[in-house]
Amino acid sequence: MNKDLRLHGSMKERGAIKWTSLMLPEHIVQLREWQAEDSTVERPDLTDWNLDAIQEEIEIAYKHKCNAWVQNWQSGKITKYFGTIEEIDIHSKSIILADPFGVERIKWVDIISVQSAESSRWE
């Protein structure tokens, strides 16, 4: 009896093992590249209005020491952070965001959205 057979409903099948013999290393490389391309996100175009709104939200969250959601775009991926803006570093053009797990330094040019937790919910 084949040890790789699994009972799936009333049928016995090999699952993913049946496809491994058909995959060449070149196919696997191309599939991984294709998957990486699909997961990338283009950088959003921010207008002057958007940039002003981001600046205002950073200033409000910093002055009130309240938690804020910060969305960051870098290398085709959007990352969301939640924490308190501890510092606005003018020299390195970044903000210092503290959360229970540590401190993040986020560059201004990478920020695409900021929303203080006390204002409306995150969209």
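Everything below is about the structure printed above this text.
Residues numbered from 1 in each chain as written. Predicted model: local features only at pLDDT ≥ 70, side-chain atom pairs only at ≥ 80, totals over all residues. Heavy atoms only, no water.

### Considerations on the sheet that holds strand β6 (residues 102-107)
Thought 1: Taken in spatial order, the five strands line up as β6-β5-β4-β3-β7 in an open sheet, and their pairing is antiparallel. The sheet is open, and its two borders are formed by β6 and β7 (111-116), each paired with just one other strand. Averaged over all pairs of adjacent strands, the angle between their axes in this sheet comes to 40 degrees, without regard to strand direction.
Thought 2: Sheet analysis places strand β3 (residues 67-74) next to strand β4 (residues 77-89), joined by eight bridges and oriented antiparallel. Bridging across to β4, Val-70 finds its partner in Tyr-81. (Pairing = 2+ DSSP bridges. Helix = DSSP H or I, 4+ residues; strand = E, 2+ residues; numbered from the N terminus. Axes fitted to C-alpha atoms, helices over the stretch in contact; angles between N-to-C directions.)

### A few points about the pairing of β6
Thought 1: As judged from the six bridges shared by strand β5 (residues 94-99) and β6, these two strands associate in the antiparallel manner. Looking at β6, one finds that Ile-95 is bridged to Ile-106.
Thought 2: Following β5, the chain reverses through two residues before pairing antiparallel with β6.

### A look at helix α2 (residues 25-39)
Thought 1: Helix length check: α2, at 15 residues, gives a terminal C-alpha distance of 21 Å against a target of 21 Å (1.5 Å per residue), a fit within 8%.
Thought 2: Among the 15 residues of α2, zero are classified as buried, and the element is accordingly described as predominantly exposed. (Expected span 1.5 Å × (residues − 1). Buried < 20%, exposed > 50% of the residue type's maximum accessible area, 1.4 Å probe, protein only.)

### Focus: the pattern of salt bridges
Thought 1: By the definition in use, this model includes one salt bridge.
Thought 2: We note a salt bridge from Arg-105 to Asp-89, for which the minimum N-O separation is 3.0 Å. You can see Arg-105 sitting in strand β6 and its partner Asp-89 sitting in strand β4, a full 16 residues away along the chain.
Thought 3: Of the residues examined, Arg-105 reaches a relative accessible area of 52% and is grouped as exposed.
Thought 4: Residue Asp-89 is classed as buried on the basis of its relative accessible area of 14%. (Salt bridge = Lys/Arg side-chain N within 4 Å of Asp/Glu carboxyl O.)

### Focus: the packing of aromatic side chains
Where two aromatic rings form a pair, the distance of their centres and the angle of their planes describe that pair.
Thought 1: Taken as a whole and assessed by the stated rule, the structure comprises one aromatic pair.
Thought 2: Judged by centre distance (4.5 Å) and plane angle (45 degrees), the ring pair of Trp-69 and Phe-82 falls under tilted. Note that Trp-69 is positioned in strand β3 and Phe-82 in strand β4, a separation of 13 residues in sequence. (Phe/Tyr/Trp six-rings, centres within 6.5 Å; stacked < 30°, edge-to-face > 60°.)

### So, the pairing of β5
Thought 1: Burial within β5 is extensive, with five of its six residues counted as buried.
Thought 2: As defined by bridge partners, β4 adjoins β5 across five bridges and the pair is classed as antiparallel. Paired with Asp-89 across the two strands is Ser-94, which belongs to β5.
Thought 3: Here β4 folds back onto β5 in antiparallel fashion, the turn holding four residues, of which Lys-93 has a positive phi close to 50 degrees.

By themselves, these are just geometric observations and shouldn't be taken as functional.
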